[in-house]
Amino acid sequence: MCATAPRAWTQAPSRRPSRKHGSTPGRTHSEDLADDVRGPAELAEWERLAQPLADAAPGTVYDPATDDVVQAELAADAAAADREAELRGATRIAARADELQALRELGTLEQTDPRDGDEAARDELTRRAGGYVQADIDGWLAHALAAHLGYYADPAARKAAAGLLTPPVLAHAALLAELARLVPGTDVDELALSARLAAFLTRARPEGH
């Protein structure tokens, strides 16, 4: 009867785990495992599988996909990997938010091209500010989106931005792009002030007028 290795094994159970000095002649595989560095865990796994394999029909091959214990371990490993990836992502976002904050304090934000993930950094800065709109960050992203700067030079990035940026930021970018279209030969940078003024007038217009 043949058995494929459970998840914890690096070799098939029919082969002894690697040993620094090799196996001792005359000893059983279980005895070798008991003395191996990984022995206790692998021996326990052998013992767990021994009875089901002994009861199975001749020629049955061990399938980890049907082993509830192995599948539970795989699920736990996947969940741990997801948590680790989430933590790494949060760390990257926080670091980029710190960088953008430093750039705005230096007055050099507008000379910086956006990167992948800056939408999340923008959200982090907004969260840190208690939910208050970060007008300079929003304006910087809108301008970059309209002018296809940095990360937004990629059409796929601009398409993704539609689901990552807030409606006001997207509307600001659309306004800049439309102004550039209506005034051929005019750079988006030259229209930024006009766009900000138009956005201000739109917000300031009394309701019902």
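The rules behind these values
Residue indices follow the written sequence of each chain, beginning from 1 at its first position. Only residues with pLDDT of at least 70 get local features here, since the model is predicted, and only at 80 or more are side-chain atom pairs given and counted; chain-wide, interface and lining totals rely on the full set of residues. Only hydrogens and water are set aside when side-chain values are computed; all heavy atoms of the structure are taken into account. Secondary structure follows DSSP: runs of H or I at least 4 residues long count as helices, runs of E at least 2 residues long count as strands, and numbering of each begins at the N terminus. Helix span, as expected, comes to 1.5 Å for every residue beyond the first. Whether a residue is buried, partly exposed or exposed follows from its accessible area with a 1.4 Å probe, protein chains only, as a fraction of its type maximum: under 20%, in between, or over 50%, in that order. The salt bridge definition used is simple: a Lys or Arg side-chain nitrogen within 4 Å of an Asp or Glu carboxyl oxygen. Residues count as neighbours in contact if any of their non-hydrogen atoms are within 4.5 Å of one another.

Engineer: Quick rundown of unusual backbone geometry? Include the residues and the values.
Structural biologist: If you check the backbone angles, His 148 has positive phi at about 60° while not being a glycine. Along the chain, His 148 turns up in the loop between α5 (135-147) and α6 (155-161).

Engineer: Tell me about α5, residues and numbers included.
Structural biologist: For α5, built from 13 residues, the straight-helix expectation of 18 Å at 1.5 Å per residue is met to within 8% by its first-to-last C-alpha distance of 18 Å. With 10 of 13 residues buried, α5 lies mostly within the body of the structure. Of all the positions in α5, only Ile 137, Asp 138, Gly 139, Trp 140, Leu 141, Ala 142, His 143, Ala 144, Leu 145 and Ala 146 are classed as buried.

Engineer: With reference to specific residues and values, describe the pattern of salt bridges.
Structural biologist: Pairs can form between side chains of opposite charge whenever their charged atoms are close. All told, the structure shown has 11 salt bridges when counted by the stated rule. Where Asp 123 meets Arg 122, a salt bridge forms, and the shortest distance between an N and an O atom there is 2.9 Å. Members of the salt-bridge network, linked through shared partners, are Arg 96, Glu 99, Arg 115 and Asp 118.

Engineer: Account for helix α4 (residues 118-128), with residues named and values stated.
Structural biologist: Of all the positions in α4, only Asp 118, Glu 119, Ala 121, Arg 122, Glu 124, Leu 125 and Thr 126 are classed as buried. Contacts from the buried residues of α4 go to α3 (68-106), α5, α6 and α7 (167-182).

Engineer: A description of the side chain of Gln 134 should follow, citing residues and the corresponding values.
Structural biologist: Position of Gln 134 among the secondary structure elements: in the loop between α4 and α5. In contact with Gln 134, other than residues within four places in its own chain, are Arg 104, Leu 125, Thr 126 and Ala 129.

Limitation: the analysis is restricted to geometry and does not speak to function.
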